[in-house]
Amino acid sequence: MTTLTATPLAPLLARLFKEADAATSPAIAQYSRDERTRLLHSKTEYRQFYGRLKDLWLAVSPETGTLLYMLARSTGARIIVEFGTSFGISTLYLAAALRDNGGGRLITTEFEPSKVTRAKANLTEGGLIDLVEIREGDALETLSSDLPDRIDLLLLDGAKALYPEILSLVESRLRPGALVIADNADFSPDYLDRVRAPAGGYMSTPFGDDVELSMRLG
Ligand SMILES: C[S@@+](CC[C@H](N)C(=O)[O-])C[C@H]1O[C@@H](n2cnc3c(N)ncnc32)[C@H](O)[C@@H]1O
């Protein structure tokens, strides 16, 4: 058994995914498809956009969650940074991997206070809160200081347009071989250009429908 497949986490995740599927937000209907696409690319309007969508979970898929767990386990990750907590679904997968790796520290960040409250409750119910530090605020500030010297894994899942800026904040701490997993990075062409550049310091490949998987080189 693993932490991921045992009680309390397995039934908790099953319940949370059901809740996530059932969540609705009247705000989303007010945006046309083009407007949503424009906002997802915006480096200035993300706060307002995500604020209006605060009732939506926007969680990674169960498949991506399982991938996160496996990548963190197989690399023996002990120190993880996450951009975009929401209600804590991806955080639960990553923290479960830390537990099964023997412990560690996960720093995650979210600017919606109501989401931070729910994420804390979910991590407490999953028995993983002791491994997780939730920094409430804009990641451009919360991840700009007080980071561990050596980071094994970075998950990018907040405002897509900020992926290059958040990578820049964390990059000097990524150990050789560290993994960077970016969800829905298609909305951040600058980010993809950077991690795919031949001399950019990463090996990078799209993986499945949602993920750009990158490895920090030497
Ligand atoms: C796609 S959701 C994250 C889903 C989460 N990783 C999961 O799998 O459950 C993105 C979240 O990032 C938050 N967010 C977006 N930009 C942010 C920023 N600059 N700083 C902090 N949080 C941010 C949003 O409020 C939203 O809850």
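Residues numbered from 1 in each chain as written. Predicted model: local features only at pLDDT ≥ 70, side-chain atom pairs only at ≥ 80, totals over all residues. Heavy atoms only, no water.

J.: Describe the overall build of the protein, naming the residues involved and giving the relevant values.
T.: The helix and strand inventory of the protein stands at 10 helices and seven strands. Its C-alpha atoms give the protein principal-axis dimensions of about 45 × 45 × 30 Å. When the 218 residues of the protein are sorted by exposure, 53% land in the buried category. Partitioning the intrachain contacts of the protein with sequence separation of at least 6 by distance along the chain shows that 73% fall at a separation of at least 24. When the accessible area of the protein is evaluated, it comes to approximately 9,800 Å², of which 54% is carbon and sulfur surface. Distance between charge centres in the protein, computed from 24 positive and 30 negative side chains, equals 3 Å. (Helix = DSSP H or I, 4+ residues; strand = E, 2+ residues; numbered from the N terminus. Buried < 20%, exposed > 50% of the residue type's maximum accessible area, 1.4 Å probe, protein only. Contact = heavy atoms within 4.5 Å. Areas by Shrake-Rupley, 256 points an atom, 1.4 Å probe, with all protein chains shown as cover. Lys, Arg positive; Asp, Glu negative; His and termini not counted. Charge placed at Lys NZ, Arg CZ, Asp CG, Glu CD.)

J.: Can you lay out the site of the ligand for me, pointing to particular residues and giving the numbers?
T.: The environment of the ligand is formed by 25 residues, the closest being Gly 84, Ser 90, Glu 110, Lys 115 and Asp 157. Between the ligand and Glu 110 there is a distance of 2.7 Å, counted from an oxygen atom to a side-chain nitrogen or oxygen. Separating a nitrogen atom of the ligand from a side-chain N or O atom of Asp 157 is a distance of 2.7 Å. For the ligand, the protein covers 99% of the area, taking 610 Å² as the surface of the free molecule. Given that more than half its atoms are within 2 Å of the pocket grid, the ligand belongs to the largest pocket. Elements with a minimum of two residues in the shell around the ligand: helix H4 (46–52), strand S1 (79–83), helix H6 (89–100) and strand S2 (105–110). A breakdown of the residues in the shell around the ligand according to their chemical character gives 12 nonpolar, seven polar and six charged. (Near = heavy atom within 4 Å. Polar contact = N/O pair within 3.5 Å; in protein donor to acceptor, adjacent residues only side chain to side chain. 1 Å grid on protein atoms, 1.4 Å probe; cavity = no way out; pocket = protein on both sides within 12 Å on 5 of 7 lines; lining within 4 Å. Sits in = over half its atoms within 2 Å of the grid points. Nonpolar A, V, L, I, M, F, W, Y, C, P; charged D, E, K, R; others polar.)

J.: Outline the packing of helix H9 (residues 163–170) against helix H10 (residues 189–196), listing residues and values.
T.: Their axes nearest at 8 Å, the elements H9 and H10 cross at an angle of 45°. In terms of orientation, H9 lies oblique with respect to H10. On the side of H9, the interface is formed by Tyr 163, Pro 164, Leu 167 and Ser 168, while H10 contributes Asp 190, Tyr 191, Arg 194 and Val 195. Residue composition of the contact of H9 with H10, grouped by class: five nonpolar, one polar and two charged. (Axes fitted to C-alpha atoms, helices over the stretch in contact; angles between N-to-C directions. Parallel < 35°, antiparallel > 145°, perpendicular 65-115°, else oblique.)

J.: Any chance you could break down unusual backbone geometry for me, citing the residues and the numbers?
T.: The omega angle of the peptide bond from Thr 7 to Pro 8 is 15°, so this bond is cis rather than trans. Considering the arrangement of structural elements, one finds Pro 8 in the segment before helix H1 (9–22). Unlike most non-glycine residues, Ser 86 shows phi in positive territory, near 50°. Residue position: Ser 86 is located in the loop between S1 and H6. Even without glycine at this site, Asn 184 takes up a positive phi of about 50°. Mapped onto the elements, Asn 184 comes out in the loop between strand S5 (174–183) and H10.

J.: Outline the sheet that holds S5, listing residues and values.
T.: Taken together, the seven strands give an open sheet; going across it, the order is S3-S2-S1-S4-S5-S7-S6, and neighbouring strands pair in mixed fashion. Whereas interior strands pair on both sides, the edge strands pair on one side only; in this sheet they are strand S3 (132–136) and strand S6 (202–207). In this sheet, neighbouring strand axes are inclined to one another by 15° on average, regardless of whether the strands run parallel or antiparallel. Note that S1 and S2 share five bridges and pair parallel. Paired with Phe 83 across the two strands is Thr 109, which belongs to S2. (Pairing = 2+ DSSP bridges.)

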